[in-house]
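Structural characterization, general
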Amino acid sequence: MNKKIVFTLLLASLCSLSACGNDDIGSLNDSIIVNEGSLNENNENSSDESLQTTAAGYFVTEVPEATVTVVTDESGNPVTEPVPETPVDENTAPPEEVSAETVPTPSVIDYTPSTAAPGTPASTAVLPADAPTEYDYNYGPAPTVYDIPGIKYIDNVLIANKSYSLPADFYPELDQTCLNQFYKLQNDASAVGLNIYLSSGFRSYETQDYIYNDYVARDGQEKADTYSARPGHSEHQSGLAIDVNQIDDTFIGTPEAIWLEAHCYEYGFILRYSQSKQDITGYKYESWHIRYVGTDMSYKIHSKAIEMGDPYLTLEEYFGIDSYYH
Ligand SMILES: [Zn+2]
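Heads up: these notes are all about the structure in this document.

Reading the values: rules and limits
Along each chain, numbering runs from 1 in the same order as the chain's sequence is written. Local features in this predicted model are restricted to residues of pLDDT 70 or higher, and side-chain atom pairs are both shown and tallied only at a pLDDT of 80 or more, whereas totals for entire chains, interfaces and linings draw on every residue. No hydrogens and no water enter the side-chain calculation; it runs on all heavy atoms of the structure. Note on pairing: DSSP must find at least two bridges between two strands before they are called paired. Think of it this way: any DSSP run of H or I at least four residues long counts as a helix, any run of E at least two long counts as a strand, and we number them from the N terminus. Axis definition: a line fit to C-alpha positions, over the contact stretch in the case of helices; interaxial angles, taken between N-to-C directions, run 0 to 180 degrees. Summary of the burial criterion: residues with accessible area below 20% of their type's maximum are buried, those above 50% are exposed, and those between are partly exposed, where the area comes from a 1.4 Å probe applied to protein chains only. Working definition of a nonpolar core: buried Ala, Val, Leu, Ile, Met, Phe, Trp, Tyr and Cys residues. They are joined through side-chain atoms within 4.5 Å. Note on contacts: a residue pair is in contact if any heavy atoms of the two residues lie within 4.5 Å. Aromatic pairs are defined between Phe, Tyr and Trp rings, using the six-membered ring for Trp, whenever the two ring centres lie within 6.5 Å; interplanar angles under 30 degrees are classed as stacked, those over 60 as edge-to-face, and all others as tilted. A side-chain nitrogen of Lys or Arg and a carboxyl oxygen of Asp or Glu constitute a salt bridge if their distance falls within 4 Å.

Our focus in this paragraph is the sheet that holds strand β7 (residues 198-200). Spatially, four strands are ordered β7-β8-β10-β9 in an open sheet, and the strand pairing comes out antiparallel. The open sheet has two edge strands, β7 and β9 (269-271), and neither has a second partner. Taking each pair of neighbouring strands and ignoring which way they run, the sheet shows an average axis angle of 45°. Pairing analysis gives three bridges linking strand β8 (residues 241-244) to strand β10 (residues 289-292), with the strands arranged antiparallel. Looking at the pairing, A241 lines up with R291 of β10.

As a further point, take the pairing of β8. Residues A241 and D243 point to one face of β8 and I242 and V244 to the other, with burial holding for every one of them. Pairing of β7 with β8 involves two bridges; the strand directions are antiparallel. Looking at the pairing, L198 lines up with V244 of β8.

What follows is about the nonpolar core. Within the largest apolar cluster, 37 residues are counted, with the highest numbers of intra-cluster contacts made by F182, L185, I242, V244, F269 and I290. Those elements giving two or more residues to this core turn out to be α2 (176-191), β8, α5 (255-263), β9 and β10. Tallying contributions element by element places α2 first for this core, with five residues. Other than its neighbours up to four places away in sequence, I242 contacts L174, C178, F182, L198, S200, H236, F269, W288, H289 and I290. Formed by 13 residues, the second largest nonpolar core is a distinct cluster that contains V157, I270, A305 and Y318.

Once that is clear, we can look at the packing of aromatic side chains. A complete count under the given rule lists nine aromatic pairs for this structure. With 5.0 Å between their ring centres and 65° between their planes, Y265 and Y299 make a pair best called edge-to-face. Taken together, the residues Y265 in the loop between α5 and β9 and Y299 in helix α7 (residues 295-308) connect sequence positions 34 residues apart. With respect to burial, Y265 and Y299 carry one shared label: buried. Summarising the aromatic geometry, the rings of Y273 and Y283 are spaced 5.0 Å apart at their centres and angled 65° between planes, so their arrangement reads as edge-to-face.

Applying the stated criterion across every chain yields a total of eight salt bridges. R272 serves as the salt-bridge partner of E316, at 2.7 Å between the closest nitrogen and oxygen. Here E316 is found in helix α8 (residues 315-319), whereas its partner R272 is found in the loop between β9 and α6 (278-281), with 44 residues between them in sequence. Considered together, E316 and R272 belong to a single accessibility category, that of buried residues. The shortest N-O distance in the salt bridge between E317 and K277 comes to 2.8 Å. Within this pair, whereas E317 is found in helix α8, its partner K277 is found in the loop between β9 and α6, the two being separated by 40 residues in sequence.

A positive phi is found at D155, a non-glycine position, where the angle reads about 55°. Position of D155 among the secondary structure elements: in the loop between β5 (152-154) and β6 (157-159).

Here we come to the side chain of T295. Along the chain, T295 falls in helix α7. Contact partners of T295, with chain neighbours within four places excluded, come to P132, N138, Y139, G140, Q181, Y265, E266, Y267 and G268.

Attention now moves to the pairing of β10. With burial as the criterion, each face of β10 is covered, one bearing H289 and R291 and the other bearing I290 and Y292. Pairing geometry for β9 and β10, over three bridges, is antiparallel. Within β10, the residue paired with L271 across the bridge is I290.

The structure is reproduced here in structure tokens:
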């Protein structure tokens, strides 16, 4: 087994050597990966402390007066705190041997966008009146729908979870619209003094295979399955998932995490692995993992969550699907 992995560096190195204390995550954070990850355990109420309920519903968050201290290294790059030993996330970075020799080779596949939308609309939710239109700054188009056998769509939303997998040769890279919307989110967060950065984006089937098996070897399959997706089942392979900042439990409850959870839908994202929903999503709470669905859909889901009185409504619940290895 001489499998090696290469992570695409999106930004410059985020943390210096001293900043990455955790073995597993250390190598991950060094490179802003346009690849994966997420997951953490419990902490069910860590991030809802500042969520306030209003007549309109939830998601009104009091962002602590921008008192975020950003430590930087000589180059001015943000440096994160040393990480305690926490299990990494669903698709976190592989340990040590990150080698440049190993770039998974993209398969030759015809990613022809489908003209007809596959899947059966599972929701009849109406787009909320406050949803942005294509003329608004926040508007984010729905992701491309690929007409490829094996990919499950519901209401034009690609589904990648434990029940629905992606073809091994599906290698779309990080979706450009998703990335553009992330930059808007990042800019707006920055405007209120928060530092949200991309840590992991696209992850190939091969990379996930390596990562997952490494976790299984370390923690056993049962435990690994709670925080790491089996190859083909990671949402990061869809090119529509992003992990931000510190990919572990230390991110929970930070001003950035609270703001992200309350505002990501405004840019077309949803927090994919909600707290207290592990039995439904199949993964532990991942405060750092967001999934791009486009603003039309994110507003519908957000609106439905308010209607149901459940701020942690998951994609599985919204579409009435399950997530477990059959
Ligand atoms: Zn993730």
